[in-house]
Amino acid sequence: MSAPLLEVRGLARRFGGVAALDDCSLTVRRSTVTGLIGPNGSGKTTLFNVVTGYLRADAGQILLEGRRVARPDPARLYRRGLCRTFQQPRVFADLSVLENLLIASGRRRAALAGPRVRADDRDRAEALLAEFSLAGLADDPAEELSYGQRKLLEFAALLMSSPSLVLLDEPTAGVNPTMVRTMERHIRARHAAGTAFLVVEHDMNLVMRLCDPVVVMAGGRVIAQGPPGDVQADPLVLDAYLGG
Ligand SMILES: Nc1ncnc2c1ncn2[C@@H]1O[C@H](COP(=O)(O)OP(=O)(O)O)[C@@H](O)[C@H]1O
Ligand SMILES: [Mg+2]
């Protein structure tokens, strides 16, 4: 069997007296939408930050397709097909919606204006805007978008890099039910096209119908993983949520 897309082994990260990650190990296999759940403060965002190179681990290993990532660096990982969204969506507020996609292609910001934008980048960007129903807003500054639209734009922009694995940090938090369904539709469409996902999500109904397997964290480590139905029935998981 081929190596998993992503494997982390024994990750540790402390903040002062808090062990945000404590011997955390998990695997994301190809062609999965893997769910990552756990109470607030269980280390999910810290895991994303360490895996994507925004934070250094104190200990542990990260492997991409079986190869050790010695010094995770966000830009290099992005070029290797690993990218992520943020719990609070990050877009370039003063750039237009279209420019947010063009800049995600990795070309220089100075080259955004005029004929130096590569035609294939522009075509990809316009196709993504159409796919995400943002075409009518292409020339509007991103700061004029609603919160949900910014989350969609952030998602669309990272698809400019044709990622193999996307880490989504609470993609539906704070957005209305229509936007939740829209986000789910886009995840499913990209999954069908071959992209794998690791999704931190609090909406349990969404996790149960979208994700398999589901990984559960508590206190900085993985306490359960498996098919969604099994995880939901696991007494350890119920304890983690109810026991506080
Ligand atoms: N930059 C930071 N500085 C200090 N403590 C942090 C920082 N980031 C996270 N923590 C702490 O680490 C723990 C895990 O946080 P986090 O990874 O954000 O959890 P989750 O995303 O599961 O809610 C929490 O106790 C949190 O307060
Ligand atoms: Mg978080």
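Note that the structure is a prediction, hence the values are computed from the model and not measured.

Colleague: Help me understand the domain arrangement of the protein chain in this model?
Modeller: Frequently, the measure chosen for interface size is the accessible area that the parts lose on association. The domains assigned to the protein chain are domain 1 (6–90 + 163–242) and domain 2 (92–144). Each of domain 1 and domain 2 was reduced to a C-alpha centroid, and the two centroids are 28 Å apart.

Colleague: What am I meant to see in the sheet that holds strand S8 (residues 196–200) here?
Modeller: Paired through backbone hydrogen bonds, the strands of a sheet run either parallel or antiparallel to each other. One open sheet accounts for 6 strands, arranged S6-S7-S8-S3-S9-S10; its pairing is mixed. Only two strands of the sheet have a single partner each, and these edge strands are strand S6 (82–84) and strand S10 (221–226). For this sheet the average axis-to-axis angle between neighbouring strands, irrespective of direction, equals 20°. Both strand S3 (residues 33–37) and S8 contribute to a ladder of 4 bridges, which runs parallel. The partner of Val33 across the bridge, within S8, is Phe197. Sitting on the sheet, helix H1 (residues 44–51) touches S3, S6, strand S7 (165–169), S8 and strand S9 (214–218), and the angle it makes with S7 is about 145°. Helix H6 (residues 177–192) contacts S3, S7 and S8 of the sheet and is inclined by roughly 150° relative to S8.

Colleague: Is there a simple way to explain H1 in this structure?
Modeller: Quick reminder: α-helices carry 3.6 residues per turn. Residues three or four places apart thus point the same way. Counting buried positions along H1 gives 7 out of 8 residues, so the element sits mostly inside the fold. Phi for Gly53, located one or two positions after H1, is positive at around 85°.

Colleague: I keep staring at the site of ligand 1 and nothing clicks. Help me out?
Modeller: Every residue lining ligand 1 is accounted for by Phe15, Val18, Ala20, Pro39, Asn40, Gly41, Ser42, Gly43, Lys44, Thr45 and Thr46. Contact distances for ligand 1 include 3.2 Å between an oxygen atom and a backbone N or O atom of Ser42. One of the backbone N or O atoms of Thr45 is found 2.9 Å from an oxygen atom in ligand 1. When ligand 1 is considered free in solution it has 560 Å² of accessible area, and contact with the protein chains removes 59% of it.

Colleague: I'm lost on the packing of aromatic side chains in this one. Help?
Modeller: When we look at a pair of aromatic rings, we describe it by the centre distance and by the angle of the planes. Overall, the coordinates contain 3 aromatic pairs when judged by the stated rule. Aromatic side chains Tyr54 and Phe86 sit 5.3 Å apart centroid to centroid with 90° between the ring planes, which places their arrangement in the edge-to-face category. Taken as a pair, Tyr54 in the loop between H1 and strand S4 (59–64) and Phe86 in the loop between S6 and helix H3 (97–104) lie far apart in primary sequence, 32 residues in all. Overall, Phe86 belongs to the buried group, its relative accessible area being 12%. Look at Phe155 and Phe197: their rings are 6.1 Å apart centre to centre, the planes differ by 85°, and that puts the pair in the edge-to-face class. Of this pair, Phe155 sits in helix H5 (residues 147–158) while Phe197 sits in strand S8, placing them 42 residues apart in sequence. Considered together, Phe155 and Phe197 belong to a single accessibility category, that of buried residues. Among the aromatic residues, those joined into a cluster by ring pairs are Phe132, Phe155 and Phe197.

Colleague: When you look at a positive patch on the surface in this model, what are you seeing that I'm missing?
Modeller: On the surface, a cluster of positive charge is made up of Arg56, Arg67, Arg71, Arg76, Arg79 and Arg80. Of note, Arg80 is situated in the loop between helix H2 (74–79) and S6. You can call Arg80 partly exposed: its relative accessible area is 34%.

Colleague: How do you make sense of the pattern of salt bridges when you look at a structure like this?
Modeller: Side chains carrying opposite charge are able to pair once their charged atoms draw close together. Counted according to the given criterion, the structure contains 7 salt bridges. In this structure, the salt-bridge partner of Glu126 is Arg122, at a minimum N-O distance of 3.8 Å. With Glu126 and Arg122 both in helix H4 (residues 119–131), this residue pair falls 4 residues apart, about one helical turn. According to the relative accessible area criterion, Glu126 is partly exposed, its value standing at 40%. Its relative accessible area of 30% is what places Arg122 among the partly exposed residues. The residue Glu131 makes a salt bridge to Arg190 at a minimum N-O spacing of 2.6 Å. Here Arg190 lies in helix H6 and Glu131 lies in helix H4, a separation of 59 residues in the sequence. For Glu131, a relative accessible area of 32% puts it in the partly exposed group. Three or more residues joined by partner-sharing salt bridges are found here, namely Glu184, Arg188 and Arg209.

Quick notes on the rules
Residues numbered from 1 in each chain as written. Chains lettered and ligands numbered in written order. Predicted model: local features only at pLDDT ≥ 70, side-chain atom pairs only at ≥ 80, totals over all residues. Heavy atoms only, no water. Domains from an automatic or database assignment. Pairing = 2+ DSSP bridges. Helix = DSSP H or I, 4+ residues; strand = E, 2+ residues; numbered from the N terminus. Axes fitted to C-alpha atoms, helices over the stretch in contact; angles between N-to-C directions. Contact = heavy atoms within 4.5 Å. Buried < 20%, exposed > 50% of the residue type's maximum accessible area, 1.4 Å probe, protein only. Near = heavy atom within 4 Å. Polar contact = N/O pair within 3.5 Å; in protein donor to acceptor, adjacent residues only side chain to side chain. Areas by Shrake-Rupley, 256 points an atom, 1.4 Å probe, with all protein chains shown as cover. Phe/Tyr/Trp six-rings, centres within 6.5 Å; stacked < 30°, edge-to-face > 60°. Patch = residues over 30% accessible without salt bridge, like charges linked within 9 Å, V, L, I, M, F, W, Y side chains within 5 Å. Salt bridge = Lys/Arg side-chain N within 4 Å of Asp/Glu carboxyl O. Lys, Arg positive; Asp, Glu negative; His and termini not counted. Charge placed at Lys NZ, Arg CZ, Asp CG, Glu CD.

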